[in-house]
Amino acid sequence: MLQEAIDYTIQLSKKIIGLRESPTFAVVKAASNRKKAGLPVIAFSVGQPAEPTPEYVREQLQAMLSDKDAWAKMSVYTPVDGLPELKDAISKKFADENGLEYTDKQILVTAGGKQAIANAFAATLNNDDEVLMSEPSWVSYPDIVKFHGGIPVGMRTNDEFKITPNTLKLTLSLHQNAKWLVLNSPSNPTSAVYSKEELAGLAQVILEENAQRKKDKRPLLMVMSDDIYEHMVYDEKLVNKPGDPAAISHNIIMAEPKMKPYTLIVNGVAKAFGMTGYRIGYAAGPEMLIKKMENYQGMETSGASAISQMASAIALAPENKKARDTHFATQRAAYITRRNLVEKLINEAPNTTMSFNPMAGAFYAMIDVTALADKVGGTKILAEKMINEKGVALVAGDDFYIESDKQNKKYLRLSYATSEKKLEEGIKLMQELEREILPDGQRKVAERG
Ligand code: PLP
């Protein structure tokens with residue numbers, strides 16, 4: 001019997017049509033397709049910490065799994081807001097590392113930091129509400145904002161990829177009802193880290209803005225402080241407890257405590273502990289907002305995965321502080337070595353147009369590839385050439401801008417959360433492509449230009 005042709009045309013929502021595939025995951029897919037085809041790949045694309053889950057977490061989780069009660073606990077729904085032992089560990093982490101007090105009702109456990117961000121925008125954005133973010137910034141912020149009806153507004157950053165109080169003031173004068181400002185320090189994709197003083201300067205602008213908004217009875221400006229890379233900070237001047245392995249970068253509340261009612265902190269175990277696959281994040285902020293985010297999560301996904309929450313509770317447990325601190329210290333040292341290696345390999349190469357200005361945190365290097373990108377027609381084409389012709393997976397800088405044509409310099413984002421050997425091999429291949437795109441003479445002209 002002939003099969004009937006069935007029209008499966010599906011009427012998609014405008015929201016989903018406007019949503020792009022995550023550019024970072026798209027590069028990961030391209031790299032894995034190459035691998036499947038038996039071709040070599042060097043992945044500088046993902047935000048995946050180089051080291052796996054720390055040993056103390058693996059060992060204690062394994063021991064827990066031999067316990068019948070643990071299995072019983074894993075077999076049932078968890079509370080929507082998170083397992084009590086994990087929430088307790090998160091609350092103690094805030095007190096110990098950040099010096100911030102959060103009660104049980106001010107904390108929500110989520111399926112990754114991404115869900116915390118999506119919950120917050122789902123809970124607060126009406127159509128056309130504006131969300132301010134620096135440019136370049138992480139790929140997901142603008143898309144999640146748009147999905148929930150909001151409008152992302154990019155702010156130009158200075159040479160260190162940071163916004164200044166003046167930029168913020170100017171932006172607020174043009175966007176008087178903006179609902180959120182997203183701050184992500186250390187940053188993905190730039191690795192820039194704000195100092196306590198810089199954050200205090202921004203806080204001052206926000207406090208003045210909100211004082212005026214209260215008078216005008218306008219909605220307040222909230223800050224989303226995405227602290228997911230807080231443990232990856234490599235300049236003692238930028239940490240809250242110099243010399244302490246548990247030292248972290250400052251966030252806006254640590255810099256100015258008056259910001260607490262206006263700030264939602266987003267964090268998770270993914271980057272700090274090499275636990276991206278567990279999918280556990282958390283948010284801390286005003287009780288009313290956390291409750292609304294919980295209500296949304298209760299309808300959409302319920303509580304996060306039980307086994308992953310148990311693993312995260314082990315990672316963050318106060319009694320594991322010593323093992324955790326050792327992990328942080330080792331991790332920090334490894335990233336400093338890798339960042340310095342990238343700096344040397346990129347900047348000390350003879351006759352190159354590429355350059356790298358090392359930043360103080362995270363594990364990303366924004367490689368300035370302006371001359372190359374201009375020659376081939378943009379960073380997306382350059383990134384495609386890197387993967388297709390050299391097998392090096394990098395993310396196009398254009399993907400981190402809302403309007404990419406507005407940037408002066410052009411970048412490829414290189415994640416140095418990988419081995420030193422891979423960094424050496426991959427950067428050599430990038431330089432090989434550079435020589436093919438810009439032969440010797442042209443490279444000198446491009447350098448001067
Ligand atoms: N925020 C930033 C800046 C990130 O880079 C990422 C992940 O890449 C996240 C949040 C989300 O992390 P998670 O894996 O916990 O969802």
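Here, residues in each chain are numbered from 1, in the same order as that chain's written sequence. Under the rules for a predicted model, residues below a pLDDT of 70 receive no local features and side-chain atom pairs below 80 are neither given nor counted, while totals for whole chains, interfaces and linings still include all residues. Note: side-chain values were computed over all heavy atoms of the structure, leaving out hydrogens and water.

(A) View of the packing of aromatic side chains. In this scheme Phe, Tyr and Trp rings, the latter by its six-membered ring, pair at centre separations within 6.5 Å, and the angle between planes marks the pair as stacked below 30 degrees, edge-to-face above 60, and tilted otherwise. One pass over the structure, following the stated rule, counts 11 aromatic pairs. Ring centres of Y335 and F363 lie 5.3 Å apart, and the angle between their planes is 35°; this geometry places the pair in the tilted category. With a gap of 28 residues between them, Y335 in helix α13 (residues 321–347) and F363 in the loop between β9 (355–356) and β10 (364–368) connect regions that are remote in the sequence. The pair Y335 / F363 is uniform in exposure class, with both members buried. Residues Y335 and Y416 carry aromatic rings whose centres are separated by 6.4 Å and whose planes lie at 65° to one another, so their mutual orientation is edge-to-face. Starting at the N terminus, helices and strands are each numbered in turn, a helix being any DSSP run of H or I of at least four residues and a strand any DSSP run of E of at least two. Burial classes: relative accessible area under 20% of the type maximum marks a residue as buried, over 50% as exposed, and values in between as partly exposed (1.4 Å probe, protein chains only).

(B) Layout of the sheet that holds strand β4 (residues 151–156). Sheet architecture is open: seven strands sit in the order β2-β8-β7-β6-β5-β3-β4, paired in mixed fashion. On the outer flanks of this sheet lie β2 (107–110) and β4, each paired with one strand and no other. Pairs of neighbouring strands in the sheet enclose a mean axial angle of 25°, with direction left out of account. The pairing of strand β3 (residues 130–135) with β4 spans six bridges and is parallel. Bridge assignment links S134 to a residue of β4, and that residue is M155. The pairing criterion is simple: DSSP has to find at least two bridges between the two strands. For helices, the fitted line uses only the C-alpha atoms of the stretch in contact; every axis is such a line through C-alpha atoms, and the angle between N-to-C directions lies from 0 to 180 degrees.

(C) Just the site of the ligand, in detail. Being near a molecule or strand, for a residue, means having at least one of its heavy atoms within 4 Å of it. Taken together, 13 residues sit near the ligand, with G113, N188, D226, Y229 and R279 positioned nearest. Polar contacts, as counted here, are pairs of nitrogen or oxygen atoms within 3.5 Å of one another; within protein the pair requires one atom able to donate a hydrogen and one able to accept it, and residues that are adjacent in sequence qualify only if both atoms are side-chain atoms. Between the ligand and G113, the relevant distance is 2.7 Å, taken from an oxygen atom to a main-chain nitrogen or oxygen of the residue. N188 places a polar side-chain atom, nitrogen or oxygen, 2.8 Å from an oxygen atom of the ligand. Contact with the protein chains hides 93% of the accessible area of the ligand, taken as 400 Å² for the molecule alone. Considering only residue class, the shell around the ligand consists of five nonpolar, four polar and four charged. Shrake-Rupley sampling with a 1.4 Å probe provides the accessible areas, and residues are treated as covered by the protein chains on show and by no other component. Residues are grouped as follows: nonpolar covers Ala, Val, Leu, Ile, Met, Phe, Trp, Tyr, Cys and Pro; charged covers Asp, Glu, Lys and Arg; every other residue, Gly included, is treated as polar.

(D) Structural context of the environment of I252. Mapped onto the elements of the fold, I252 is located in helix α10 (residues 252–255). C-alpha of I252 to C-alpha of G201: the two residues are 51 residues apart in sequence and 9.5 Å apart in space. Residue contacts follow a heavy-atom distance rule, with two residues in contact if any of their heavy atoms lie within 4.5 Å. When sequence neighbours within four positions are dropped, the list of residues in contact with I252 reads L183, L199, L202, A203, I206, V223, M259 and T263.

(E) Local environment of the pattern of salt bridges. The rule for a salt bridge is simple: a side-chain nitrogen of Lys or Arg has to be within 4 Å of a carboxyl oxygen of Asp or Glu. Tallied over the entire structure, the rule returns 25 salt bridges. Where E198 meets K162, a salt bridge forms, and the shortest distance between an N and an O atom there is 3.0 Å. Linking E198 in helix α9 (residues 196–216) with K162 in the loop between β4 and α8 (165–174), this pair joins segments that are 36 residues apart in sequence. Its relative accessible area of 9% is what places K162 among the buried residues. Several salt bridges converge on common partners, so that one network encompasses E209, R213, D216 and R218.

(F) Geometry of the nonpolar core. Formed by 87 residues in total, the largest nonpolar core has its most connected members in F121, L168, W180, L181, I252, L264 and F273. Considering every element that reaches this core, the biggest residue donor is helix α12 (residues 306–316), with seven residues. Of all hydrophobic cores here, the second largest spans 38 residues; its members include Y335, A383, L414 and A417. Only buried residues count toward a nonpolar core. Its members are Ala, Val, Leu, Ile, Met, Phe, Trp, Tyr and Cys residues joined through side-chain atoms within 4.5 Å.

(G) Representation of the pairing of strand β8 (residues 281–284). The alternating pattern of β8 places G281 and A283 and Y282 and A284 on opposite faces, both of which are buried. Pairing of strand β7 (residues 263–268) with β8, which is carried by four bridges, proceeds in the antiparallel orientation. The residue bridging N267 from the neighbouring strand is Y282, located in β8.

(H) Just unusual backbone geometry, in detail. Residue P186 follows S185 across a cis peptide bond; omega there is -10°. Summarising the element assignment, P186 is placed in the loop between β5 (180–184) and α9. Residue P189 is reached from N188 by a cis peptide bond, and omega for that bond is 20°. One can find P189 in the loop between β5 and α9. The backbone of F161 sits at a positive phi, close to 60°, despite the residue not being glycine. Position of F161 among the secondary structure elements: in the loop between β4 and α8. Residue classification places F161 among the buried positions, given a relative accessible area of 12%.

(I) Geometry of the sheet that holds β9. Overall, antiparallel pairing links the four strands, which are arranged β9-β10-β13-β12 in an open sheet. Only two strands of the sheet have a single partner each, and these edge strands are β9 and β12 (395–396). Summarising the sheet, β12 and strand β13 (residues 411–415) pair through two bridges and their orientation is antiparallel. Bridge pairing in β13 places A396 opposite L412.

(J) Spotlight on the side chain of D398. As for its position among the elements, D398 is in the loop between β12 and β13. Nearest to the buried, unbridged D398 among oppositely charged side chains is K380, at 6.2 Å. Engagement of the side chain of D398 in a polar contact is seen with the side chain of Q407, the distance being 2.6 Å. With residues up to four places along the chain from it excluded, the contact list for D398 reads T379, K380, S404 and Q407. For the purpose of counting charges, residues Lys and Arg are taken to be positive, whereas Asp and Glu are taken to be negative. His and the chain ends are not included.

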